[in-house]
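# Architecture and fold: a report
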Amino acid sequence: MTTHDRHDEHDRNDQHNENEYEDGAPDMDTGTTEPAGDTSADAATPELVIISGMSGAGRSTAAKCLEDLGWFVVDNLPPALIPTMVELGARSQGNVARIAVVVDVRGRQFFDNLRDSLADLDAKQVTRRIVFLESSDDALVRRFESVRRPHPLQGDGRIVDGIAAERDLLRELRGDADLVIDTSSLNVHELRAKMDAQFAGDEEPELRATVMSFGFKYGLPVDADLVVDMRFLPNPHWVPELRPFTGLNEEVANYVYNQPGAKEFLDRYTELLQLIAAGYRREGKRYVTIAVGCTGGKHRSVATAEKLAARIAAEGVETVVVHRDMGRE
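Residues numbered from 1 in each chain as written. Predicted model: local features only at pLDDT ≥ 70, side-chain atom pairs only at ≥ 80, totals over all residues. Heavy atoms only, no water.

### Overview of the sheet that holds strand 1 (residues 47-53)
Pairing within the open sheet is parallel, and its five strands lie in the order 2-3-1-4-5. The sheet is open, and its two edges are formed by strand 2 (72-75) and strand 5 (179-182), each paired on a single side. Neighbour to neighbour, the strand axes of the sheet diverge by 20° on average, direction disregarded. The pairing of strand 4 (residues 128-134) with strand 5 spans four bridges and is parallel. Looking across to strand 5, one finds that Phe132 is bridged to Val180. Packed on one face of the sheet, helix 1 (residues 59-68) meets strand 1, strand 2, strand 3 (98-102) and strand 4 and runs near 160° to strand 1. (Pairing = 2+ DSSP bridges. Helix = DSSP H or I, 4+ residues; strand = E, 2+ residues; numbered from the N terminus. Axes fitted to C-alpha atoms, helices over the stretch in contact; angles between N-to-C directions. Contact = heavy atoms within 4.5 Å.)

What follows is the structure, given as structure tokens:
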């Protein structure tokens, strides 16, 4: 078991580099991390984040981001030892207040113990969250081929065979995740920005929302909790003077929301989200991704995502807006 070395991200350019998604693919750096946290004598149970997901989807990048934020990070810890790690943190006199554990299929023989460990943590009322890194088959194949490494589960088969086996193994864990991040179209810096948005704050908000516009012709976002279809409104694409612009343009937004039913939809859906958000809080869900779609992800979905995000933020929910497919056409 090792902790991650710190890496200086400032010298990297913003160009997409799939090689940096190194989970299960490139060699893993090892080293020792000094635990960060409160130095008081309070033996409170540390906060725990479990990072898992598909090999090649960015687990190492997510873990390094938490490490840079002061978390004590342990890579490839056998699941059966997670409760022990939390107990040791509780004895650290506040020096280890936040622990992140990377759990993946490299510990195959221990992975079946994860369910028992989670039940043990719940029985002890440990505050824990599961972050699941997801990616499309195409993106994962490209990443493994770019580093010329086999998938941990492919055996004598192909990379796609290993990916399929891993998806089947992780299906239940993905369903239990508090936060699912799809890295198919993200570079390393964008993934770090998502992790920062979720974990960088000094105080955890009650609920955090990501409002994502997308185009149905490019596929549904796999990490969406709620999906909104704006194709019931006229498409500005067929208005020649509006076609070159996006939903961020004021004229496009006015066109969309001057259509019959547009404002009523926004009002009623905002009320529905208030009801859903209250339920999420009661169930302890901290993160929600709302996907707003139209045909191409350029006009109606973008304009609606911006307005919906503003409404949600006005309710006191920390909100991030992402336009997945804008500029893709």
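So that's the structure; there's more coming.
### Quick word on the confidence of the model for the protein chain
On average, residues of the protein chain score 83 in pLDDT, and 83% of them reach the 70 mark or higher. Note that pLDDT drops below 50 for residues 1-20; the model gives that stretch 62 contacts with residues more than four away or on any other chain. Under a pLDDT of 50 for its full length, residues 24-42 has, in the predicted model, 55 contacts with residues more than four places off or in other chains. (pLDDT = per-residue confidence, 0-100.)

### A look at the pattern of salt bridges
All chains considered together, the criterion is met by 19 salt bridges. In this structure, the salt-bridge partner of Arg129 is Glu47, at a minimum N-O distance of 2.1 Å. Within this pair, whereas Arg129 is found in strand 4, its partner Glu47 is found in strand 1, the two being separated by 82 residues in sequence. For the pair Arg129 and Glu47, one class covers both residues: buried. The salt bridge partner of Lys124 is Asp120, with a shortest N-O separation of 3.6 Å. Using a relative accessible area of 42% as the deciding quantity, one classes Lys124 as partly exposed. Since its relative accessible area comes to 28%, Asp120 is described here as partly exposed. Taken together, the shared-partner salt bridges in this structure form one network comprising Glu134, Asp137, Arg167 and Arg174. (Salt bridge = Lys/Arg side-chain N within 4 Å of Asp/Glu carboxyl O. Buried < 20%, exposed > 50% of the residue type's maximum accessible area, 1.4 Å probe, protein only.)

### Side note on the packing of aromatic side chains
One pass over the structure, following the stated rule, counts five aromatic pairs. Between Phe199 and Tyr287 the ring centres are 6.4 Å apart and the planes differ by 55°, which places this aromatic pair in the tilted class. Here Phe199 is found in helix 7 (residues 188-199), whereas its partner Tyr287 is found in strand 8 (residues 287-294), with 88 residues between them in sequence. One exposure class covers both Phe199 and Tyr287, and it is buried. The lysine or arginine in question, Arg231, covers the ring of Phe216, its NZ or CZ lying 3.7 Å from the ring centre. Stacked on the ring of Tyr257, the Lys or Arg Lys307 has its end atom at 5.4 Å from the ring centre. (Phe/Tyr/Trp six-rings, centres within 6.5 Å; stacked < 30°, edge-to-face > 60°. Lys NZ or Arg CZ within 6 Å of the ring centre and 35° of its normal.)

### Observations regarding unusual backbone geometry
Even without glycine at this site, Asn76 takes up a positive phi of about 60°. Structurally, Asn76 is set in the loop between strand 2 and helix 2 (82-90). Not every positive phi belongs to a glycine, and Arg148 is a case in point at roughly 55°.

### A few points about the pairing of strand 4
In terms of burial, strand 4 is a largely internal element, seven of the seven residues being buried. Side chains Arg128, Ile130, Phe132 and Glu134 of strand 4 all project onto a buried face; the interleaved residues Arg129, Val131 and Leu133 project onto the opposite face, where all are buried too. Bridge count for strand 1 against strand 4 is six bridges, and the pairing is parallel. Paired with Val49 across the bridge in strand 4 is Arg129.

### Quick look at the nonpolar core
Counting residues in each nonpolar core, the largest one holds 48 residues, and the members touching the most others are Leu48, Ile51, Leu66, Ile82, Met195 and Phe199. The contacts of Ile51, once residues within four sequence positions are left out, are Arg59, Ala62, Ala63, Leu66, Ala100, Val101, Val102, Val103, Val131 and Leu133. Counting 26 residues, the second-largest nonpolar core is a separate cluster that includes Val256, Tyr269, Val292 and Ile312. (Core = buried A, V, L, I, M, F, W, Y, C linked by side-chain atoms within 4.5 Å.)

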